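Single-letter residue listing:
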Amino acid sequence: MRAFSKGIGNLKALVGHHQEGPLAIQAPIVSSYNERIRPLLDCVDRLRNLKLMQEGIQLPTIVVVGDQSSGKSSVLESLAGISLPRGQGICTRVPLIMRLQSHPSSEPELSLEFSGRVVPTDEDHIAEAISVATDEIAGKRKGISNVPLTLTVKKNGVPDLTMVDLPGITRVPVHGQPEDIYEQISAIIMEYIKPEESIILNVLSATVDFSTCESIRMSQKVDKTGERTLAVVTKADITPEGLLEKVTADDVNIGLGYVCVRNRIGQESYEEARAEEAMLFEIHPLLSKINKSMVGIPVLAQKLVQIQATIISKCLPEIVSKITDKLTASVEELNKLPQHIKSVPEAVAAFMCIISSAKESLRKIFIRGEFDEYPGETEMHSTARLAEMLSSYSDELQFISIKVEQKQKFLEEEISILEEAKGISLPNFLQRTAFLTSLQKMVNAISATPAKFVKQFWEYLQGVFVPVLMKHSENYPQLQSSIRRAAQNLVSKKREQSIDWVLQIIEMEKLTDYTCNPEYTATWHKLMESQDTFMDIINDRWKTTTLEINGIGEVEVGHLRKHLVVAEQAFDLKMRMIAYWKIVLRRLVDSMALHLLFSIQKLVNKDMETEMVNELIGHHGGGLERMLEESPSIADKRYRLNRSIKLLRESKEIVAEIMDNIAAYAD
């Protein structure tokens, strides 16, 4: 890291040292930088060739934009010293990445790279080769594409530059062009100029008002202050009037300044064109007044190379940081993917891992009441939700019991039962059949509630159980349908077992009356304390007809004076039933709680594993074999991550290599 920091410092010093020199027009267009800077540009080009930008990491780029017929192609031809396609309409129909490299040999080397291959060409055929490659990428009609074409020019006398030339902006489609040609071109341009790492080379014609240029409007959208925009003014020789005022007034915020140039005319050689340009800005009565640091292709070349080196030195540390962060994240994401299973033993181990991890999560949720895996999802906080459900179940039993009591007047039901239970026997004995009849009526009244509660409970549990299993098997989507089916089948079986248990409990309660709880006797005795007062009231017609019974409240008893024979027995029967019914309701709630807790424990610790094994490995299964077939989504994700990791590692090596070179040069 120290070497890296040192390398960046050396690079900045080198850039700064060069910028101290004058932008002399007599400087040859060849290399404004010496050969030690070229590796920096190669580094960025290699990163671009690796398609690092597809990983979301932007690279420093000079982006050439301009309205159609602004002279954009002429500027690029002058910089590269080659001829580009010319004609009516849009000549550049794809992003053209131009890599210019100063070359000591007198023989130029030109090549095009597209569709995964490199095609050598020469100066005489380069325009035709670009047209052929463009047709292959964007089609032979007038449409455009955002798939780039790379042109490498190694030639003596060209500046060390890499630029991206974009289609010229046009609003009106011509014959063969799509109706939305403007929108398509705008989208491509905005994609390239929006990143902060992009330098915008805006080509403007001296023949127009700069403020009306579409390219200016687009660049101002993403670079309002103009700090990363450089303007090239073409056709200075055609419209020299007022040009000095335009470039000095800077009404359109061009932060990196202007460079005015003369386009090559007719069959002029590039050397002749440069000589004519130099003479034009030297002797023309109007153009000669423009500062010499703002005129000529050599000055433009020098400025571009300086700007390019400066932006690289500025962006390279951040690029390294982004590559490192992206690489770390990609490796972590890849490691989270399940290992590609290649054998049945590996499949068994993976399956048991799913079961084990799911068990632990379910124990947390259902048994220990730990919710760290689902902190914000209250429905997954099962111990709390189950406690609430059980409390509601108890309240509903109480509510139904009260409604049954309120249907008839005090002791009318008991008197009716005693009348039907009498026989030829000694009087004043409370018949046990009468108590059982009263008990059975009460149990029948609430008999549907426990079964309904059990169904609600297992429905809720399934809503937690299945998602947990799905979460722990998400890396094996080929198994999830089987796991879901096994989970639903298991819950269905457990629900039926609970319903059977509830029905048995209800039948037990109807069958007999029994409790060893001393609370029954204590409550009955306390209630019976009001019996003497009760009998006094119904035997004395002059007394009040209401009675306050401890634990029950105030009741109306006047209607019982016509049932003096059985009133005392009815009172006793009622008090016994009230005392015993409290025990019954508590027993229904307590036993329900114990049954459900036991069922949950058994489901998590034993039944789940047995059901899953039967589903996936047993005679219905074939699940382990399916585990050997990696799902397309996981396979695709694995492929993309491996490809990304390889690209990022190569990128990191490229940058590390250039940093070592810089450090070595400094030493």
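From a predicted model like this one, the values you see are computed outputs, not experimental measurements.

Conventions we followed
- Residues numbered from 1 in each chain as written.
- Predicted model: local features only at pLDDT ≥ 70, side-chain atom pairs only at ≥ 80, totals over all residues.
- Heavy atoms only, no water.
- Helix = DSSP H or I, 4+ residues; strand = E, 2+ residues; numbered from the N terminus.
- Buried < 20%, exposed > 50% of the residue type's maximum accessible area, 1.4 Å probe, protein only.
- Contact = heavy atoms within 4.5 Å.
- Areas by Shrake-Rupley, 256 points an atom, 1.4 Å probe, with all protein chains shown as cover.
- Salt bridge = Lys/Arg side-chain N within 4 Å of Asp/Glu carboxyl O.
- Pairing = 2+ DSSP bridges.
- Axes fitted to C-alpha atoms, helices over the stretch in contact; angles between N-to-C directions.
- Parallel < 35°, antiparallel > 145°, perpendicular 65-115°, else oblique.
- Left-handed = near helix turned anticlockwise from the far one by under 90°.
- Phe/Tyr/Trp six-rings, centres within 6.5 Å; stacked < 30°, edge-to-face > 60°.
- Patch = residues over 30% accessible without salt bridge, like charges linked within 9 Å, V, L, I, M, F, W, Y side chains within 5 Å.
- Core = buried A, V, L, I, M, F, W, Y, C linked by side-chain atoms within 4.5 Å.
- pLDDT = per-residue confidence, 0-100.
- Expected span 1.5 Å × (residues − 1).
- Arc of directions from axis to C-beta.
- Nonpolar A, V, L, I, M, F, W, Y, C, P; charged D, E, K, R; others polar.

Each helix and strand in the protein chain was counted, giving 20 helices and 11 strands. Classification of the 667 residues of the protein chain by burial places 49% in the buried group. Partitioning the contacts of the protein chain with sequence separation of at least 6, the portion at a separation of at least 24 is 78%. For the protein chain, the exposed area adds up to about 32800 Å²; of that, 53% sits on carbon and sulfur atoms.

Turning next to unusual backbone geometry. Despite not being glycine, Ser115 shows a phi value in the positive range, around 50°. Phi is positive for Lys235, close to 60°, though the residue is something other than glycine.

Right, let's get into the pattern of salt bridges. Evaluation of the coordinates by the stated rule reveals 34 salt bridges. Where Arg117 meets Glu136, a salt bridge forms, and the shortest distance between an N and an O atom there is 2.8 Å. Taken together, the positions of Arg117 in strand β4 (residues 117-121) and Glu136 in helix α4 (residues 126-138) put the pair 19 residues apart, joining distant regions of the chain. Across the pair Glu388 and Arg385 runs a salt bridge, and its minimum N-O distance is 2.9 Å. Highlighted residues: Glu388 and Arg385, both in helix α11 (residues 382-406), separated by three residues, approximately one helical turn. It is possible to trace a salt-bridge network through shared partners that takes in Asp45, Arg48 and Arg99.

Further remarks concern the sheet that holds strand β9 (residues 258-260). If you walk across this open sheet you meet the nine strands as β4-β3-β5-β2-β6-β1-β7-β8-β9, and the pairing is mixed. Of all the strands in the sheet, just β4 and β9 have a single pairing partner and so form its edges. Strand-to-strand, the axes of this sheet are offset by a mean angle of 25°, without reference to chain direction. Pairing of strand β7 (residues 198-205) with strand β8 (residues 229-234), which is carried by six bridges, proceeds in the parallel orientation. Opposite Asn202, over in β8, you have Ala231 as the bridge partner.

Each pair of packed helices can be summarised by the angle the axes make with each other and by the distance between the axes. At a minimum axis separation of 11 Å, α11 and helix α18 (residues 564-616) run at an interaxial angle of 155°. With respect to each other, α11 and α18 are oriented roughly antiparallel. For the crossing formed where α11 meets α18, the hand is right-handed. Here Leu386, Leu390, Tyr393, Ser394, Leu397, Gln398, Ser401 and Glu405 of α11 lie close against α18, whose contacting residues are Lys574, Trp581, Leu585, Leu588, Val589, Met592, Ala593 and Ile600.

Taken as a whole and assessed by the stated rule, the structure comprises eight aromatic pairs. Where Phe210 meets Tyr258, the ring centres are 6.1 Å apart and the plane angle is 20°; that geometry is what we call stacked. One end of the pair, Phe210, is in the loop between β7 and α6 (214-222); the other, Tyr258, is in strand β9, and 48 residues separate them in sequence. For Tyr258, a relative accessible area of 3% gives the class buried. Judged by centre distance (4.5 Å) and plane angle (20°), the rings of Tyr393 and Phe453 are stacked.

Further remarks concern a nonpolar patch on the surface. A contiguous nonpolar patch, built from Val344, Val348 and Met352 and spanning about 200 Å² of accessible area, is present on the exposed surface. Within the secondary structure, Met352 sits in helix α10 (residues 344-368). Residue Met352 is classed as partly exposed on the basis of its relative accessible area of 33%.

So, about the pairing of strand β6 (residues 161-165). Summarising burial for β6: five of the five residues are buried, a large majority. Neither face of β6 is exposed, since Leu161, Met163 and Asp165 on one face and Thr162 and Val164 on the opposite face are all buried. Strand direction decides the pairing type here: strand β1 (residues 61-66) and β6, joined by three bridges, are parallel. Counted as the bridge partner of Ile62 is Met163 from β6.

A few words on the nonpolar core. Most often, soluble globular proteins have nonpolar side chains that are buried together. By size, the foremost hydrophobic cluster in this structure holds 94 residues, and its most contacted members are Phe410, Phe465 and Phe534. The residues touching Phe534, leaving out its near neighbours within four places in the chain, are Phe410, Leu411, Leu547, Val557, Leu560, Ala567 and Phe571.

To continue, consider the confidence of the model for the protein chain. Summarising the model, the protein chain shows a mean pLDDT of 85, and 89% of its residues fall at 70 or more. Put simply, helix α1 (residues 2-19) is where the protein chain has its lowest mean pLDDT, 47, and helix α14 (residues 448-472) is where it has its highest, 95. Across residues 1-8, where pLDDT falls below 50, the model places 13 contacts with residues more than four positions away in sequence or in other chains.

With that settled, consider the environment of Thr152. With respect to the secondary-structure elements, Thr152 resides in strand β5 (residues 149-155). Taking the relative accessible area as the measure of exposure, Thr152 reaches 11% and is therefore buried. Sequence spacing of Thr152 and Leu100 is 52 residues, and the spatial spacing of their C-alpha atoms is 6.2 Å. Setting aside its immediate chain neighbours within four residues, Thr152 contacts Arg99, Gln101, Glu109, Leu110 and Ser111.

Another point: helix α5 (residues 181-193). With 13 residues, α5 extends 18 Å between its outermost C-alpha atoms, agreeing within 8% with the 18 Å of an ideal straight helix rising 1.5 Å per residue. Of the residues making up α5, those classed as buried are Ile181, Tyr182, Ile185, Ser186, Ile188, Ile189, Tyr192 and Ile193. An end-on view of α5 places all buried positions within 165° of arc, on one side of the element. Buried positions along α5 lie against β1, β6, β7 and α6.

Our next topic: the packing of helix α13 (residues 432-446) against helix α15 (residues 477-511). In contact at an axis separation of 8 Å, α13 and α15 are set at 160° when each is read in the N-to-C sense. Relative to α15, α13 is oriented roughly antiparallel. Contacts between α13 and α15 involve Leu436, Leu439, Gln440, Val443, Asn444 and Ile446 from the former and Ile506, Glu509, Lys510 and Leu511 from the latter. In terms of residue class, the contact of α13 with α15 is built from six nonpolar, two polar and two charged.

With that settled, consider the pairing of strand β3 (residues 109-114). Pairing analysis gives five bridges linking β3 to β5, with the strands arranged antiparallel. Each residue of the ladder has a partner; that of Leu110, found in β5, is Val153. Across five bridges, β3 lies against β4 in antiparallel orientation. Paired with Phe114 across the bridge in β4 is Arg117. Here β3 folds back onto β4, and the loop between the two strands holds two residues, one of which, Ser115, carries a positive phi near 50°.

By the element assignment, Arg485 lies in helix α15. Relative accessible area serves as the criterion here: at 38%, Arg485 is assigned to the partly exposed category. In sequence terms Arg485 and Glu615 are 130 residues apart; their C-alpha atoms lie 8.3 Å from each other.

Let us look at helix α17 (residues 531-539). Every buried residue of α17 is accounted for by Gln531, Phe534, Met535, Ile537 and Ile538. All buried residues of α17 lie within an arc of 160° about the axis, which places them on one face of the element. In the core, the buried residues of α17 are packed alongside α16 (518-528), β10 (546-549) and α18.

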